[in-house]
Amino acid sequence: MNPYKENAKLSLDQLIEKRCGTGKYQILALSILVFIDLNDGCELILMSFLMPILKTEWQLTSLQIQTLTSIFYLGMVLGSLLTGFVADRKGRLKCIYVSCIIQFFMANSFLLCTNFYHMIFARLGYGFVYGFSIPLTTTMISEITAPDVRGRFLIVINFFVSVGKIYAFLLAFLCLENFNQGHWRLMMTLSSTTSLIVGILAWVFLMESPRYLMASGQVIEGLNIIEEIIHKNENNKGLISRIFKSVQPEVSSDPFKGSKYGYISAKERIAIEKWVTKVFRSQNRGTLRELFNKSNKSTTIRLWIIWFCINFMYFGQLLILPFILGSKQKTFVDYLTTVLGEIPSIILSLLIVEIPFLGRRNTMAISFFCATIMHVWSYYASWPYFFARFFMKECWAMLYPYSTEIFHTSNRTLGFGSSAAVGRIGAAISPYILIPLFEQEIHLPFLAFAVSSVISTLATITLPYDTVGKSLDFQNSDGEVESNKEDEIKEIMMVLIEKKNQN
């Protein structure tokens, strides 16, 4: 067999799995980035707590409450759209630490709010930064982890959204007296500290995504980042070595030119360059046109429908439950009990996410169907709230890795971000539907959630294929990169050039 032809099959996923493994650097990156999602989960709860308090304190009308709720989600729509255009062009790391620092200042802007119009500006700005940060963590983690752990790492990120909600309850318990009054400005200030800490830690300890660098034509720089990861993972010991696949680095006898540590050989560099040429042939990085080309259009539309519906249900519940529980004279503990339904679903997700016959798509379809049943049941009784949250969180847990893995590196952040943006439109319109339904009949919003669950189920079962076990930049349902005559010609030319250089 032609060795050059064999080398050409080496992909970045294989290089990461073969040479980097999973070790200290990936654990460090995950440990830092999960706090972005913790902060996101915290702010979701705090924003929902704000509405009943402001309605009482500032004597706001139902229309003003709907406007304040929607303006936050509108900011998220704009932020989620922009992050794709920026991060797919300027890189993931810069966007991460800059968005964290800005989020810190925006959270503290609530201290200056004294009326309805100030709050509109603060919630729009905070929603924008919040929406901008959402796709960054999943994109970064997916691009530095091996395929065998990627799904679980992405679920851990999603788990910390739930941890953030519990953290929010702690802040609310310390700062608020009940659902209708308390020191909400202090609560928002205390919540801002995590974003500042994460921004500083990301700037100090994290490196740019090597996959992004290669997609933007910086192959040598990307390989040097991979060598840095290999070096940081060099002495995996203790719990890390027992849980994850450790790889002992070997110095190559023929390292590529420009290598810092000598772990990657010249032949591996050539193979990766061939792979980059084949996979990143498109120059349309970060463009909506790529999301609607022949291979992506069907998937993009279905994902947008799913994201729209799940945001309507998920954030709609966060919005409406304080009103429902407040009207029944319930406490924060009752709300917390409902949200705790998310924790068991994360544990289940970690166990089944990499099982081929379940994976991402089938688990989502089953969970949406079960959520439909629980939402209908919640119309007649209160106790199914817990199980409705369980199945919705299960859908979220699988939607994160699926939406991240299905899109190409050149447009991954835009694909995920645009899906999140469409989803936030569902969240933004939810107050105008749910609050009037609540005023008409207290549990009527749950029937609206049931309808959304049915639509999501149908969209999920018609998705073209699952992503479990597939290469991150696959181009067909078999998980392989499609080739064409132009790629083969480029590959032959690279082989001839390399042979000439060797002679």
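For every chain, the first residue of its written sequence is number 1, and the numbers climb from 1 along that sequence. With the structure being a predicted model, the display of local features is reserved for residues of pLDDT at least 70 and the display and counting of side-chain atom pairs for 80 or more, all residues being used for whole-chain, interface and lining totals. Values reported for side chains reflect all heavy atoms of the structure, with hydrogen atoms and water molecules removed beforehand.

Put simply, the rule reads: UniProt positions are given in the numbering used here, feature names are shortened, and annotations may be inferred rather than shown by experiment.
As recorded in an unreviewed UniProt entry, the chain goes by the name Major facilitator superfamily (MFS) profile domain-containing protein, listed as coming from Paramecium octaurelia. Check the Subcellular location (unreviewed entry) section of the UniProt entry for the chain; it says "Membrane".

1. A short note on unusual backbone geometry
Definition in use: Every helix listed is a DSSP run of H or I at least four residues long, and every strand listed is a run of E at least two residues long, numbered separately from the N terminus.
The phi dihedral of Gln59 falls on the positive side, at around 55°, and the residue is not glycine. With respect to the helices and strands, the residue Gln59 is situated in the loop between α3 (24-57) and α4 (62-90).

2. What about the pattern of salt bridges?
In plain terms, the rule: The term salt bridge refers to a pairing of a side-chain nitrogen on Lys or Arg with a carboxyl oxygen on Asp or Glu at a separation within 4 Å. Here's how the labels work: a residue is buried when its accessible area is under 20% of the maximum for its type, exposed when over 50%, partly exposed in between, all with a 1.4 Å probe on protein chains only.
Taken as a whole and judged by the stated rule, the model has five salt bridges. Where Arg92 meets Glu143, a salt bridge forms, and the shortest distance between an N and an O atom there is 2.7 Å. Of this pair, Arg92 sits in helix α5 (residues 92-108) while Glu143 sits in helix α6 (residues 116-144), and the two are 51 residues apart along the sequence. In this structure Glu143 comes out as buried when scored by relative accessible area, which is 0%. Its salt-bridge partner being Glu143, residue Arg412 comes within 2.8 Å of it at the nearest N-O pair. With a gap of 269 residues between them, Arg412 in helix α20 (residues 412-440) and Glu143 in helix α6 connect regions that are remote in the sequence. For Arg412, a relative accessible area of 0% puts it in the buried group. Beyond isolated ion pairs, a larger network of salt bridges with shared partners links Arg92, Glu143 and Arg412.

3. Regarding a nonpolar patch on the surface
Worth spelling out the cut-off: Think of a patch as exposed residues, more than 30% relative accessible area, with no salt bridge, where like charges cluster within 9 Å and nonpolar side chains (Val, Leu, Ile, Met, Phe, Trp, Tyr) cluster within 5 Å. Surface accessibility follows the Shrake-Rupley procedure with a 1.4 Å probe radius. Residue values consider only the protein chains on display as shielding.
On the surface, a nonpolar cluster with roughly 830 Å² of combined accessible area is contributed by Phe369, Ile373, Val376, Trp377, Tyr380, Trp383, Phe387 and Leu447. Sorting elements by how many residues they give to the nonpolar patch places helix α18 (residues 361-380) first, with five residues. Turning to its location among the elements, Phe369 is positioned in helix α18.

4. Section: the packing of helix α7 (residues 147-175) against helix α17 (residues 342-352)
Put simply, the rule reads: Angular values range over 0 to 180 degrees, each being the angle between N-to-C directions of two axes fitted as lines to C-alpha atoms, with helices fitted over their stretch in contact. Any angle that falls under 35 degrees is termed roughly parallel, while one over 145 is termed roughly antiparallel, one within 65 to 115 roughly perpendicular, and all others oblique. Any two residues having at least one pair of non-hydrogen atoms within 4.5 Å are treated as being in contact. Polar here means any residue outside two lists: the nonpolar Ala, Val, Leu, Ile, Met, Phe, Trp, Tyr, Cys and Pro, and the charged Asp, Glu, Lys and Arg; Gly therefore counts as polar.
One can describe the packing of α7 onto α17 by two numbers: an axis separation of 10 Å at closest approach and a directional angle of 170°. Between α7 and α17, the angle falls in the class roughly antiparallel. Side by side, α7 and α17 meet where Arg152, Ile155, Val156, Asn158, Phe159, Ser162, Lys165 and Ile166 of the first sit next to Glu342, Ile343, Ile346, Ser349 and Leu350 of the second. Looking at the contact of α7 with α17 residue by residue, the class counts come to seven nonpolar, three polar and three charged.

5. Some thoughts on the packing of aromatic side chains
Geometry of an aromatic ring pair is reported as the spacing of the ring centres plus the angle between the planes. Basically, it comes down to this: Stacked, edge-to-face and tilted labels apply to pairs of Phe, Tyr and Trp rings (six-membered ring for Trp) whose centres lie within 6.5 Å, assigned for plane angles under 30 degrees, over 60, and everything in between, in that order. Either the NZ atom of lysine or the CZ atom of arginine qualifies as a charge over a ring when it sits within 6 Å of the ring centre and within 35 degrees of the ring normal.
Taken as a whole and assessed by the stated rule, the structure comprises 24 aromatic pairs. Pairing Phe104 with Phe105 gives two aromatic rings, centres 5.3 Å apart and planes at 75°, and the pair type is edge-to-face. Ring centres of Phe315 and Trp396 lie 6.3 Å apart, and the angle between their planes is 80°; this geometry places the pair in the edge-to-face category. Of this pair, Phe315 sits in helix α15 (residues 297-327) while Trp396 sits in helix α19 (residues 385-405), and the two are 81 residues apart along the sequence. An aromatic cluster is built from Phe72, Tyr73, Phe110, Tyr126, Tyr130, Trp307, Tyr314, Phe315, Trp396, Tyr400 and Phe416, whose rings are joined through pairwise contacts. One cation-aromatic arrangement involves Arg389 over Tyr314; the distance from NZ or CZ to the ring centre is 4.5 Å.

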